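Commentary on secondary and tertiary structure
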Amino acid sequence: MKNVMKLTAALLVIVVMLLAVGCGKEAPTGLWADATYTEDATVGTGAKTVTVLVTAEETTVTLTVKTDKETLGAALYEYELVNDASFFDTLNGMKADWDANSAYWAFYVGDDYASVGVNETAISGGETFKFVYTTM
């Protein structure tokens, strides 16, 4: 009888573990497989807070960035969200490869296409910026 109870308990644990794995989120694919953040997140500890929306392959992640930096480029670079503070091709771990498929990160201040780059975009806090993975 003890062996039957142990076996039943072991089988119950296995079933629960299989259900837990089966109910989990699927692993990101495509560009998002390389993403640093695949869900909304807050990074940094500074006094200024800006919102950065990252959109690629019909998925958007909201990054709340807290920084003391003066420009968006410096803030993104500070927390390794871009690979360069002025001219970058990798955002949130996802590369837009112009040479491979004419891809780039379209940059918006609010809903308006930016007229200057991220390194020239001053931040005071409260702004919303958008980056959209775009191909020609």
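Please refer to the structure higher up on the page.
Residues numbered from 1 in each chain as written. Predicted model: local features only at pLDDT ≥ 70, side-chain atom pairs only at ≥ 80, totals over all residues. Heavy atoms only, no water.

1. What about the overall build of the protein?
We count it as follows: To qualify as a helix, a DSSP run of H or I must reach at least 4 residues; to qualify as a strand, a run of E must reach at least 2; elements of each kind are numbered from the N terminus. Here's how the labels work: a residue is buried when its accessible area is under 20% of the maximum for its type, exposed when over 50%, partly exposed in between, all with a 1.4 Å probe on protein chains only. Should any heavy atoms of two residues lie within 4.5 Å, those residues are counted as being in contact.
Of regular secondary structure, the protein possesses three helices and eight strands. Moving toward the C terminus, one meets the helices and strands of the protein in the order α-β-β-β-α-β-β-α-β-β-β. Relative to its 136 residues, the protein shows a buried fraction of 32%. The contacts of the protein with a sequence gap of at least 6 include a subset with a gap of at least 24, amounting to 51%.

2. A closer look at the sheet that holds strand 3 (residues 59–67)
Formally: One bridge is not enough; two strands pair if DSSP finds at least two bridges between them.
Strand order in the open sheet made by the six strands is 1-3-2-8-6-7, with mixed pairing throughout. Every interior strand has two partners, whereas the edge strands, strand 1 (41–44) and strand 7 (112–113), have only one.

3. Section: the side chain of T90
The following threshold applies: Polar contacts here mean pairs of N or O atoms no more than 3.5 Å apart (in protein, one a potential hydrogen donor and the other a potential acceptor; neighbouring residues in sequence count only if both atoms are side-chain atoms).
Following the sequence through the fold, T90 ends up in strand 4 (residues 90–91). For T90, the side chain forms a polar contact with the side chain of D89, separated by 3.0 Å. With residues up to four places along the chain from it excluded, the contact list for T90 reads L81, V82, N83, K95 and W105.

4. Focus on the layout of surface pockets
Inclusion rule: A 1.4 Å probe that fits into a set of points on a 1 Å grid over the protein atoms alone but cannot get out defines a cavity; an open set with protein on both sides within 12 Å along at least five of seven lines defines a pocket, and lining residues are those with an atom within 4 Å of a point. Grid points are joined across faces, edges and corners, and a volume is the space filled by probe spheres set on the points. Just so you know the grouping, Ala, Val, Leu, Ile, Met, Phe, Trp, Tyr, Cys and Pro go in nonpolar, Asp, Glu, Lys and Arg go in charged, and all remaining residues, Gly too, go in polar.
As a volume, the largest pocket reaches approximately 430 Å³. As for the largest pocket, its lining consists of 20 residues, and the residues nearest its centre are F87, F88, D89, Y104 and W105. Of all the secondary-structure elements, those providing two or more residues to the lining of the largest pocket are helix 3 (98–101) and strand 6 (103–109). The element that contributes the greatest number of residues to the lining of the largest pocket is strand 6, accounting for four residues. Classifying every residue of the lining of the largest pocket gives twelve nonpolar, three polar and five charged.

5. Description of the environment of S124
Considering the arrangement of structural elements, one finds S124 in the loop between strand 7 and strand 8 (128–135). Under the relative-accessibility criterion, S124 is labelled exposed at 58%. Separated by 54 residues in sequence, S124 and E70 have C-alpha atoms that sit 7.4 Å apart.

6. Observations regarding the pattern of salt bridges
Quick reminder of the rule: Here a salt bridge means any side-chain nitrogen of Lys or Arg lying within 4 Å of a carboxyl oxygen belonging to Asp or Glu.
Applying the stated criterion to the full structure yields three salt bridges. When the shortest N-O distance is used, the salt bridge between K95 and D89 registers 3.7 Å. Residue classification places K95 among the partly exposed residues on the basis of a relative accessible area of 44%. You can call D89 partly exposed: its relative accessible area is 24%.

7. Let's talk about the nonpolar core
Put simply, the test is: Within this scheme, the nonpolar core is defined by two criteria: the residues are buried Ala, Val, Leu, Ile, Met, Phe, Trp, Tyr or Cys, and they are joined through side-chain atoms within 4.5 Å.
V52, V54, L72, M94, W105 and F131 are the most contacted members of the largest nonpolar core, which has 30 residues in total. Secondary-structure elements contributing two or more residues to this core are strand 1, strand 2 (48–56), strand 3, helix 2 (72–78), strand 6 and strand 8. Look past the residues within four positions of W105 in its chain and what remains in contact with it is V54, T55, A56, F88, D89, T90, L91, M94, A96, F131, V132 and Y133.

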